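Residue-level structural notes
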2 protein chains.
Amino acid sequence: MPSFIQKLAACTERNRSALCIGLDPELSMLPSGYSRDADGIYSFNRTLIEATHDLVCAYKPNFAFYEALGYAGLRALERTLAIIPEHIPTIADAKRGDVPNTARLYAQALFAGWNFDSATVSPYMGPDSLEPFLDWPGKGVWVLCRTSNPGASYLQSLEVAGGTVTSPLFARVIEMVDALPSRADKGLVVGATSPKELRQVRARVPAMPLLLPGIGAQGGDVLAAAHAAATGPVVINASRSVLYGSGAGDTASAVRERAAALKDRINSSLYSFAESARP
Amino acid sequence: MPSFIQKLAACTERNRSALCIGLDPELSMLPSGYSRDADGIYSFNRTLIEATHDLVCAYKPNFAFYEALGYAGLRALERTLAIIPEHIPTIADAKRGDVPNTARLYAQALFAGWNFDSATVSPYMGPDSLEPFLDWPGKGVWVLCRTSNPGASYLQSLEVAGGTVTSPLFARVIEMVDALPSRADKGLVVGATSPKELRQVRARVPAMPLLLPGIGAQGGDVLAAAHAAATGPVVINASRSVLYGSGAGDTASAVRERAAALKDRINSSLYSFAESARP
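Described in the following lines is the structure provided in the data block. (Residues numbered from 1 in each chain as written. Chains lettered and ligands numbered in written order. Predicted model: local features only at pLDDT ≥ 70, side-chain atom pairs only at ≥ 80, totals over all residues.)

1. Comments concerning the packing of helix α5 (residues 100–113) of chain A against helix α6 (residues 127–134) of chain A
Residues and elements named next belong to chain A. For the pair α5 and α6, the least separation of the axes is 8 Å and the interaxial angle reads 30 degrees. By the criterion of interaxial angle, the relationship of α5 to α6 is roughly parallel. Seen along the crossing, α5 lies across α6 with a hand that is right-handed. For the pair α5 and α6, contact is made by Pro100, Ala103, Arg104 and Ala107 and by Asp128, Ser129, Glu131, Pro132 and Phe133, respectively. (Axes fitted to C-alpha atoms, helices over the stretch in contact; angles between N-to-C directions. Helix = DSSP H or I, 4+ residues; strand = E, 2+ residues; numbered from the N terminus. Parallel < 35°, antiparallel > 145°, perpendicular 65-115°, else oblique. Left-handed = near helix turned anticlockwise from the far one by under 90°. Contact = placed C-beta atoms within 7 Å.)

Right under this line is the structure:
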C-alpha cells in the first residue's frame, strides 16, 4: 500500500498540479440547471470532478456542507466519493478532535467508514487527542496550525512563554505534531491568507506537507503558497473561487477554465520562485 | 420560547440533579441481550433513558459513537433523540469549529437539522469560528476550555504573555467567550479531572454555566465539580461509569442504581460544600 504522501506526490506529478478543490457546494449557490437539493449537490460535484480531475492534486470535501442536508447530504457525499478517480487523494475536512477513546471512533468513521485518504483534525485538546488518528498507516492527518479565517490569530498567534524565548501558539502546535510518533503521514493546515506566518511555519518544518486553504474567496496569497512548496509538499486549496462564477454559461467549461487558470497561476508562481531563488 | 439556561435550570430543579449522562454506547461494551449493531445501540439508549430520565439534568450524546456506525448509527441517534422527554435538555457533543461560512452550516445541522438544545464547539480557530453558533437564540453553546483528557494541559495550560502578567491559554479562551456578543447562552467545558483549573475557571466566570465531563471512568473529582456549582450552573457528565457495570444482572435497574448513586454523591457534595462554606 502506498503511503498517503506517495499517493499525493503521484497525483501532483501526474497532473502537474498543487491545486486542491474544496468540494463545498451550497444549495443557495448552485448554478442554474441543478436542483436545489442533495441530488443537485451531487450532480454539481460530478460536474466539478469531470471538469477538473486532470487539473488537481486532491479533492477536499468539508463535512459541514453535507451534514447541513442530513442523510441526503451524506448520501450525496458518499456518491461523490465514489466517482473521484482512485488515483486522486481525498481530504476529509472534518476538523475533529476529542478525548482519546472518542477520537478513536472519529478516526474509524473517517478512515474506515468513509474511506478517506486523509483528514483534518483540531489540536486544542492536545497530543492524546491526535494519536488515534495517527495510528492509521497509509492515511494522512492534517492538524490545524494557523487557519485562514480572520479571527485565526486571536488564539493561534498568542505569544507563549517558554524559558527565555516566546513563540506563537501555532509554533507549539508544530512542535507537538513534529514530536508525535505516527504510522500515518503528518501535515499541517496553514492559511495562505497569512504569508508571514506561513513562512514561519515552513522555516520550522521544511519538509512537512502543508495544506494551504484560503486561496480565492478568502484572499490568500498564491505566491506565498508557492514559496512554501520550495522544500516540501503543498496542497493549495480553493473552493468558492473555482466552484462559482459570476455569470451564466456552461458550468463545466467555466469551472474548468477557472481551475486551469488557478493551477497555471500556482505553477507560474512556483516557477518564478524557483527562478528568483537561483544564485 | 425559554432560553437554553432556563430549560436546563427547570430540569435541574425538577429532578434535583446536576448529573448529565453521556449517551456514548459502544458496540463492544453493550451488555448481553442487546444486538451488536445500531439497533442494539438504540435499544440500550432507550433502556438508559427509561431508567434515568428522572435522575438527570441533561443528556449528552457524542457524535463519534454514532458516526462510527454510518447511516445506521445516525439513525440510532435520531431515534434516541425522539424518545428523550421534551423537558430534558440535550447537548450535542460534537466539538465542531470551522471558518465562519462553514461553521454556519455546522450550527444549522446541529441546531435545526438535529434540533439539539445545545452543542459543544472548539475554540482554536478564534472568535469568528464561534459566532455562527452563538447566533441561535434559545440554544446553548459550550466552548471547550480546559478538557478532561490527560493531554489537555499540553496546549491549554501554556502560559501566554500579555502585558506584565501571563495567564494560561484556557484563560484567554474564557476572555474570548466572555467578550463575544451572543443570542445563545454561553457556557464552558472544563474537565472535572482538573480541580485546580476548574477553580481558576470558576473564579473568572462565577455565573457562567459549566459543563464538567470526566466524572467516573476518567477519574474526575465530584467534590470539585460540586464546588463549581456554588455560584453558577453546572452540568456534571458521566458516561462509561454509568453505562457499564462490572457484572451481569438486569441492565435497567443496574444503570438506575449507578446513576442514582452518582446523583446522590453529587448532591451530598453540593450539601457538604454549602455547609462548609457557612460562616
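2. Notes on the relation of the copies chain A and chain B
With an RMSD of 0.0 Å, the operation that places chain A on chain B is a rotation of 180 degrees combined with a shift of 0.0 Å along the axis. In short, the pair behaves as if placed about a two-fold rotation axis. Relative to the rotation axis, the closest C-alpha in chain A is found at A:Val160, a distance of 2.3 Å. Comparing contact sets, 100% of the residues at the interface of chain A also lie at the interface in chain B, consistent with an isologous, same-surface contact. (Least-squares fit on C-alpha atoms with pLDDT ≥ 70 in both.)

3. Let's talk about the interface of chain A and chain B
Across the contact, 44 residues belong to chain A and 44 residues belong to chain B. Looking at the side of chain A that touches chain B, the elements with two or more residues in it are α3 (63–67), α4 (70–83), α5, α6, α7 (153–156), β6 (159–162) and α8 (169–179) of chain A. Here the side of chain A that touches chain B gets seven residues from one element, more than from any other, and that element is α5(A). For the side of chain A that touches chain B, the residue count by class is 24 nonpolar, 14 polar and six charged. (Nonpolar A, V, L, I, M, F, W, Y, C, P; charged D, E, K, R; others polar.)

4. Section: helix α2 (residues 38–52) of chain B
Because the α-helix completes a turn every 3.6 residues, residues three or four places apart line up on one side. Compared with the 21 Å implied by 1.5 Å per residue over 15 residues, the 21 Å span of α2(B) between its first and last C-alpha is a close match. Within the span of α2(B), buried status applies to B:Ala38, B:Ile41, B:Tyr42, B:Phe44, B:Asn45, B:Thr47, B:Leu48, B:Ala51 and B:Thr52. (Expected span 1.5 Å × (residues − 1). Buried ≥ 20, exposed ≤ 12 C-beta atoms within 10 Å, placed from the backbone.)

5. A look at the environment of A:Ala112
Residues and elements named next belong to chain A. Relative to the helices and strands, alanine 112 is located in helix α5. A residue is classified by how many C-beta atoms lie within 10 Å of it, and alanine 112, with 13 of them, is partly exposed. On a C-alpha basis, the gap between alanine 112 and tryptophan 136 in space is 9.6 Å, while along the polypeptide they are 24 residues apart.

6. Observations concerning the packing of helix α2 (residues 38–52) of chain A against α4(A)
For any two helices packed against each other, the geometry comes down to the angle between their axes and how far apart the axes lie. All names here are of chain A. Where α2 meets α4, the axes come as close as 9 Å, and the angle between the chain directions of the two elements is 20 degrees. As far as their axial angle goes, α4 and α2 are roughly parallel. Considering only the axes of α2 and α4, their crossing is right-handed. Here Ala38, Ile41, Tyr42, Asn45, Arg46 and Ile49 of α2 come into contact with α4, specifically with Ala72, Gly73, Arg75, Ala76, Arg79, Thr80 and Ile83.

7. Here we look at the sheet that holds strand β8 (residues 185–190) of chain B
Residue and element names in this part refer to chain B. Here eight strands make up an open sheet; going across it, the order is β2-β1-β10-β9-β8-β5-β4-β3 and the pairing parallel. If you trace the sheet from one side to the other, it starts and ends with β2 (58–60) and β3 (91–96), each paired once. Across the sheet, the mean angle separating the axes of adjacent strands is 30 degrees when strand polarity is ignored. Here β8 runs beside strand β9 (residues 210–215); their pairing, made up of two bridges, is parallel. Note on β9: the bridge partner recorded for valine 189 is leucine 211. (Pairing = 2+ DSSP bridges.)

8. Here's the deal with the pairing of strand β10 (residues 234–238) of chain A
Residues and elements named next belong to chain A. The element β10 is extensively covered by neighbouring structure, given that five of its five residues are classed as buried. Where burial is concerned, the two faces of β10 agree: the one with Val234, Ile236 and Ala238 and the one with Val235 and Asn237 are both buried. As defined by bridge partners, strand β1 (residues 19–22) adjoins β10 across three bridges and the pair is classed as parallel. Considered in β10, the bridge of leucine 19 is made with isoleucine 236. Here strand β9 (residues 210–215) runs beside β10; their pairing, made up of four bridges, is parallel. Looking at the pairing, isoleucine 215 lines up with alanine 238 of β10. In this fold, the crossover linking β9 to β10 by way of helix α10 (residues 222–227) has right-handed handedness. (Right-handed = clockwise from strand over helix to strand, strands pointing away.)

9. Some details on the pairing of β3(B)
Residue and element names in this part refer to chain B. Burial analysis of β3 places six of its six residues in the buried class, the great majority of the element. Residue alternation in β3 divides its side chains into two sets, Ile91, Asp93 and Lys95 and Ala92, Ala94 and Arg96, and both sets are buried. In this sheet, strand β4 (residues 118–121) lies alongside β3 in parallel orientation, the contact comprising three bridges. If you follow arginine 96 over to β4, its bridge partner there is valine 121. As a crossover connection, the stretch from β3 through helix α5 (residues 100–113) into β4 is right-handed.

10. Some points on the environment of A:Thr102
As for its position among the elements, A:Thr102 is in helix α5. The class for A:Thr102 is buried, based on 26 C-beta atoms found within 10 Å. If we skip the residues at most four places from it in the chain, A:Thr102 touches B:Asn62 and B:Ala64.

11. With respect to the sheet that holds β10(A)
Residue and element names in this part refer to chain A. Strand order in the open sheet made by the eight strands is β2-β1-β10-β9-β8-β5-β4-β3, with parallel pairing throughout. Of all strands in the sheet, those bounded by a partner on one side alone are β2 (58–60) and β3 (91–96). Averaged over neighbouring strand pairs, the angle between their axes works out to 30 degrees when direction is ignored.

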